[in-house]
2 protein chains.
Amino acid sequence: MLVWNELDSQAQQKALTRPAVSAGAEVQAAVESIISMVKARGDEALLELAAQFDGRISPRLCVPTIEIEQSELNLSNELKAAIDQAYSNIRKFHELQLPKPKQLETQPGVSCELRYQAIDAVGIYVPGGSAPLPSSVLMQGVCAQLSGATTVVLATPVKGSETIHPAILYAAKKCGITTVIESGGAGIIAAMAVGTPSVPKVSKVFGPGNAYVTMAKQLLSQSVPGFAIDMPAGPSEVLVIADKTANPAFAAADLLSQAEHGADSQVLLLSDDRTFIKEVSAEIERQIALLSRADIAQKAMENSALILVESVDQAFELSSEYGPEHLILQCKDAYSKLDKVKNAGSVFVGDYTPESAGDYASGTNHVLPTYGYSKTYSSLNLMDFFRTYTVQTISKQGLTELSKAILPLAQAEGLDAHANAVAIRLNSGRS
Amino acid sequence: MLVWNELDSQAQQKALTRPAVSAGAEVQAAVESIISMVKARGDEALLELAAQFDGRISPRLCVPTIEIEQSELNLSNELKAAIDQAYSNIRKFHELQLPKPKQLETQPGVSCELRYQAIDAVGIYVPGGSAPLPSSVLMQGVCAQLSGATTVVLATPVKGSETIHPAILYAAKKCGITTVIESGGAGIIAAMAVGTPSVPKVSKVFGPGNAYVTMAKQLLSQSVPGFAIDMPAGPSEVLVIADKTANPAFAAADLLSQAEHGADSQVLLLSDDRTFIKEVSAEIERQIALLSRADIAQKAMENSALILVESVDQAFELSSEYGPEHLILQCKDAYSKLDKVKNAGSVFVGDYTPESAGDYASGTNHVLPTYGYSKTYSSLNLMDFFRTYTVQTISKQGLTELSKAILPLAQAEGLDAHANAVAIRLNSGRS
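Residues numbered from 1 in each chain as written. Chains lettered and ligands numbered in written order. Predicted model: local features only at pLDDT ≥ 70, side-chain atom pairs only at ≥ 80, totals over all residues. Heavy atoms only, no water.

Our focus in this paragraph is the relation of the copies chain A and chain B. Two chain copies, one operation linking them: a rotation about an axis together with a shift along it. Note on the identical chains: chain A maps onto chain B by a rotation of 180° and an axial translation of 0.0 Å, with an RMSD of 0.0 Å. This pairing of chains is accounted for by a two-fold axis. Judged by C-alpha distance, Met383 of chain A is the residue of chain A that lies nearest the rotation axis, at 4.9 Å. Of all interface residues in chain A, 100% are interface residues in chain B too; the two copies therefore contact each other through one and the same surface. (Least-squares fit on C-alpha atoms with pLDDT ≥ 70 in both. Contact = heavy atoms within 4.5 Å.)

What UniProt calls "binding site: Zn(2+)" (unreviewed entry) maps, in this numbering, to Gln258, His261, Asp359 and His418 of chain A. A maximum C-alpha distance of 56.1 Å shows the annotated residues, which cover 161 residues in sequence, to be distributed over more than one spot. Among the structural elements, His261 of chain A can be located in the loop between helix H9 (248–259) and strand E10 (266–271). Not counting the four nearest positions on each side in its chain, His261 of chain A is found in contact with Ser236, Arg293, Ile296, Glu355 and Asp359 of chain A together with Leu415 and His418 of chain B. Its location among the elements puts His418 of chain A in helix H15 (residues 416–426). (UniProt positions renumbered as here; feature names shortened; annotations may be inferred. Helix = DSSP H or I, 4+ residues; strand = E, 2+ residues; numbered from the N terminus.)

Considering all chains together, one arrives at 38 salt bridges over all chains under this definition. For Lys342 of chain B, the salt bridge goes to Asp120 of chain A, with nearest N and O atoms at 2.9 Å. Of this pair, Lys342 of chain B sits in the loop between strand E12 (326–330) and strand E13 (346–349) while Asp120 of chain A is found in the loop between strand E3 (110–118) and strand E4 (121–125), placing the two residues in two different chains. With a relative accessible area of 29%, Asp120 of chain A lands in the partly exposed category. Between Lys80 of chain B and Asp84 of chain B there is a salt bridge, and its shortest N-O distance comes to 3.3 Å. One end of the pair, Lys80 of chain B, and the other, Asp84 of chain B, are both in helix H4 (residues 77–95), four residues apart, so they sit about a helical turn from each other. Taken together, the salt bridges that share partners define one network made up of Arg56, Arg60, Glu67 and Glu182 of chain A. (Salt bridge = Lys/Arg side-chain N within 4 Å of Asp/Glu carboxyl O. Buried < 20%, exposed > 50% of the residue type's maximum accessible area, 1.4 Å probe, protein only.)

Of the pockets and cavities examined, the second largest pocket occupies roughly 650 Å³. Lining the second largest pocket are 23 residues, with Lys201 and Pro225 of chain A together with Glu321, Tyr322 and Lys375 of chain B positioned closest to its centre. When residues in the lining of the second largest pocket are grouped by element, the largest group, three residues, is from helix H12 (residues 312–322) of chain B. Residue classes in the lining of the second largest pocket are distributed as nine nonpolar, eight polar and six charged. (1 Å grid on protein atoms, 1.4 Å probe; cavity = no way out; pocket = protein on both sides within 12 Å on 5 of 7 lines; lining within 4 Å. Points joined across faces, edges and corners; volume = space filled by probe spheres on them. Nonpolar A, V, L, I, M, F, W, Y, C, P; charged D, E, K, R; others polar.)

Turning our eyes to something else, we now look at the environment of Glu105 of chain B. All names here are of chain B. With respect to the helices and strands, Glu105 occurs in strand E2 (residues 102–107). Sequence separation between Glu105 and Thr393 is 288 residues; the distance between their C-alpha atoms is 9.5 Å. In contact with Glu105, not counting residues within four places along its chain, are Val110 and Ser111. In this structure the side chain of Glu105 is engaged in a polar contact, spanning 3.4 Å, whose partner is the backbone nitrogen of Gly109. (Polar contact = N/O pair within 3.5 Å; in protein donor to acceptor, adjacent residues only side chain to side chain.)

In this section: the domain arrangement of chain A. All names here are of chain A. Each assigned domain of chain A is listed with its residue range as follows: domain 1 (25–111 + 119–229), domain 2 (234–376) and domain 3 (395–426). On a C-alpha basis, the centres of domain 1 and domain 3 stand 47 Å from each other. Between domain 1 and domain 3, a total of about 280 Å² is buried, with carbon and sulfur atoms accounting for 53% of that surface. By the criterion of area lost to domain 3, the three top residues of domain 1 are Gln107, Gly109 and Val110, representing 89% of everything that side buries. Where domain 1 packs against domain 3, one counts zero salt bridges. At the junction of domain 1 with domain 3, the criterion picks out one residue pair in polar contact (both at pLDDT 80 or more). Residue composition of the side of domain 1 that touches domain 3, grouped by class: two nonpolar, two polar and no charged. (Domains from an automatic or database assignment. Buried area = accessible area lost by both parts, 1.4 Å probe.)

With that out of the way, let us pick up the environment of Leu255 of chain B. Residue and element names in this part refer to chain B. Tracing the chain through its elements places Leu255 in helix H9 (residues 248–259). Given the relative accessible area of 0%, Leu255 is considered buried. In this structure Leu255 touches Val238, Val240, Val267, Leu268, Leu269, Val280, Ile284 and Leu306, once residues within four positions along its chain are discounted.

A separate point is the nonpolar core. Counting 67 residues, the largest nonpolar core has Ile406 of chain A together with Ile83, Val122, Leu138, Leu154, Ile177 and Val180 of chain B as the members making the most contacts within it. Excluding residues within four positions of it along the chain, Val122 of chain B makes contact with Ala144, Ala149, Thr151, Val152, Val153, Val202, Lys204, Phe206 and Phe385 of chain B. Ile83, Ile119, Val158 and Val367 of chain A belong to the second-largest nonpolar core, a separate cluster that totals 66 residues. (Core = buried A, V, L, I, M, F, W, Y, C linked by side-chain atoms within 4.5 Å.)

Our next topic: the UniProt feature "active site" (unreviewed entry) in chain A. Residues and elements named next belong to chain A. If you check UniProt for "active site" (unreviewed entry), the listed places come out as Glu325 and His326 in our numbering. Its place among the elements puts Glu325 in the loop between helix H12 (312–322) and strand E12 (326–330). Exposure remark for Glu325: the relative accessible area of 7% places this residue in the buried category. When sequence neighbours within four positions are dropped, the list of residues in contact with Glu325 reads Pro235, Ser236, Glu237, Ala344, Gly345, Ser346, Leu368, Pro369 and Thr370. A polar side-chain atom of Glu325 sits 2.9 Å from a polar atom in the side chain of Ser236. For His326, the location among the structural elements is in strand E12. For His326, a relative accessible area of 2% gives the class buried. What His326 contacts, discounting residues up to four positions off in sequence, is Ser236, Glu237, Val238, Leu239, Gln258, Ser346, Phe348, Glu355, Asp359 and Leu368.

The next thing to look at is the interface of chain A and chain B. Interface size is commonly expressed as the accessible surface area that is lost when the partners come together. On the chain B side, the residues contacting the 127 residues of chain A number 127 residues. Summed over both sides, the interface of chain A with chain B buries roughly 10,600 Å², with 57% coming from carbon and sulfur. Per-residue buried area on chain A facing chain B is highest for Tyr352, Tyr360 and Arg425 of chain A; these three make up 8% of the total on that side. Where chain A meets chain B, there are four salt bridges. Taken together, the connections running from chain A to chain B amount to 78 residue pairs in polar contact (both at pLDDT 80 or more). Sorting elements by how many residues they give to the side of chain A that touches chain B places helix H14 (residues 396–412) of chain A first, with 11 residues. Considering only residue class, the side of chain A that touches chain B consists of 59 nonpolar, 45 polar and 23 charged. One ladder, built from four bridges, connects strand E13 (residues 346–349) of chain A with strand E14 (residues 386–394) of chain B; its direction is parallel. Bridged to Val349 of chain A within E14 of chain B is Thr393 of chain B. (Pairing = 2+ DSSP bridges.)

Moving on, we get to helix H14 (residues 396–412) of chain B. Side chains that are three or four residues apart share a direction in an α-helix, a result of its 3.6 residues per turn. All names here are of chain B. Under the 1.5 Å per step criterion, the end-to-end length of H14 is 24 Å for 17 residues, consistent within 8% with the ideal 24 Å. Approximately 45° is the largest bend angle found in H14, and it occurs at Leu402. Those residues of H14 that sit buried are Lys396, Gly398, Leu399, Leu402, Ser403, Ala405, Ile406, Pro408, Leu409 and Ala410. (Expected span 1.5 Å × (residues − 1). Bend = angle between axes of the 7 residues up to and from the residue.)

We now examine unusual backbone geometry. Residue and element names in this part refer to chain B. Look at Asp333: it is not a glycine, yet its phi comes out positive at around 50°. Inspection of the secondary structure puts Asp333 in the loop between E12 and E13. For Asp333, a relative accessible area of 48% corresponds to the partly exposed category. Non-glycine residue Tyr371 carries a positive phi angle of around 55°.

This part covers the sheet that holds strand E6 (residues 179–182) of chain B. Residue and element names in this part refer to chain B. The strand order across the open sheet built from five strands is E6-E5-E4-E7-E8, with neighbouring strands paired in parallel fashion. Each edge of the sheet is formed by a strand with only one pairing partner; in this case those strands are E6 and strand E8 (228–229). In the sheet, strand E4 (residues 121–125) pairs with strand E5 (residues 151–156) via five bridges, with the strands oriented parallel. Bridging from a neighbouring strand, Val122 pairs with Val152 of E5. The strands touched by helix H5 (residues 134–147) within the sheet are E4, E5 and strand E7 (204–206), with E4 carrying the most contacts at an inclination of about 175°. (Axes fitted to C-alpha atoms, helices over the stretch in contact; angles between N-to-C directions.)

Following this line, the structure appears as structure tokens:
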């Protein structure tokens, strides 16, 4: 346990410092060579990379439509129902976010509009790893579906002689995705950015990934004009604010559910109650032993801190400074304290709102800014699948009035032709 | 004149290819050294850089409040009124964009909310160059003001023994900006990203700039956690779609008002009428001679093309492919053709809507995605000054129902602790 007010400022800073993550020059060099390979040899390069990195034998890239269509035949009723329920909640919450065009006459004869356009072609990357991640498909796929994107490509690595998990395919089916590519890593990101015979070119790629995937997203978004990515990636993290009214077993379970994500996860508990922190600590010991991913969780707990603060208000201040991806509030009148929240990706209010509810099924998106980016970046939302543009329509009369603003400003900025484009119209006989 | 359907595909591609812009390794090295300098020596470094790059003698960085307050005393009534009118229109259109929180029960006892938070501290960069750019201050400053950001820093270079232009200060005053820094280039971007004694640290920097500014924005947004930038920068561009009903003098004036921005500007005219294109060409010759920036406009016209297309519909297709920053529609029933528009930053409809209206005063924002980024990036809008986050509040009963989705998904993804965080709550005696 750290006692915040007894730490010097250096130790305070250290307690809130995230483990350093920096992709070395080797990662960049490796990714640059993969990008060149895919640009030069397309699908062939993807198959070589799959053999090299995933031990893949099958020369298949595209999953046949029938496998997607029939995916539910290979799912338990329970898992199918779970995907249906999660899909329904995520869809409801994201439908609420569908943008509406806006229009206004700023002055008579000067009409301005804000319009929205779905990003036409999007790619969704779902990392591989130790288990399939149907929830990642849902979180991104529902947005693509609601936006009306015309091309949606789902890509995920498949290892060795395994087959793609039916839960991934069923989640894709729910989201209306018909293009599923069995390919992962930096290679498939490059393929989606530039297009190959099997992989449609997309304009924006979403989804988390390892250091190579992240590097590929970064390099390609800087070098392919018009190609964009979702948000900077980083290790997952949770901050729990709890007072003595909270249940230490719940708080411990929440900290551990973050810790099991990866050894680089960071978990923080801030509480104003010394006894509570001790109880949480004991609960962590007890619960961690029972986890299948105990070793990962144990490592993550080593980066983490249980901190005694002076007051719940101080906890909110520290949380705002840290900017957690997930913020859990287990304190008296938690909901009424939401106005103290700043810089959080998603907030979980009260004793019965564990992070795993948002990870899977409450309806909110689980793709969230982490590593301090929650100070400036949004949680993934439907607007990430749209772009905004403006339209103006001006009458001759409107332009006459507006010229009183345009002409002096164009003159002050030394832009003759800007002024001339107005003057020539006002001096014209046509109306 | 190019005749689209007579070009081979290579020539077609060339006609729509933007001039290459790539900052060399020297720019990156220079910017990296400037960033280190500012990190190490703060204000002192900024003053040295101002002396070196802007020939600045004054050791002043912050403009005293009284100069901002009294700026209008040094402005003509006409320019003051122009700024007032432009401010009013821009403000009205952006007020329309103020976000409203949204809330929904996705299922009984599961409440999900989308909330908005203003980005606390923002920086606005206004480039120097041959003339002051009060319109850049307004476009960004109005957004910062409406968002309620608590820290707003305006930075602009001042050359030699010049003083900062009162139009810049008056525009800042209208937007409620009290921190104006006389400093430009990569150095001030670094100062805003990390903070110095005179320059408050900000979380997001907006505004255009030269290759050094752009490189600084890019490098700092990748290396300072939580620090973000507005959008990729590139040369300005316009595409005009016109048919024989359009006025060739107007179209020529619009092409030139884009061309005078810089030698790297790109201007394109697409028309289905050969005679019209010839008339526009003659008008360009006539009008260009009268411009004070004729040499710049002339150079830009060399990168540009007047293209004869088969039909107005084909023009819309090519425009969508190109993705212009500014799109001007001077054709029959232009407004009713808006549904054919894709990938444009801002659209100008009809004979009396020149681009300069949007550049200064119609109310729309003139900070727009260019260089093909209008396929994925939005025009600058109020949401760029906010971030979105989510909140969920679940009752015990709600969690019980939701667990039917959470538990099978957590199990499928091999995440025990995620399941346990739910199970421990449902098995608890408290309610």
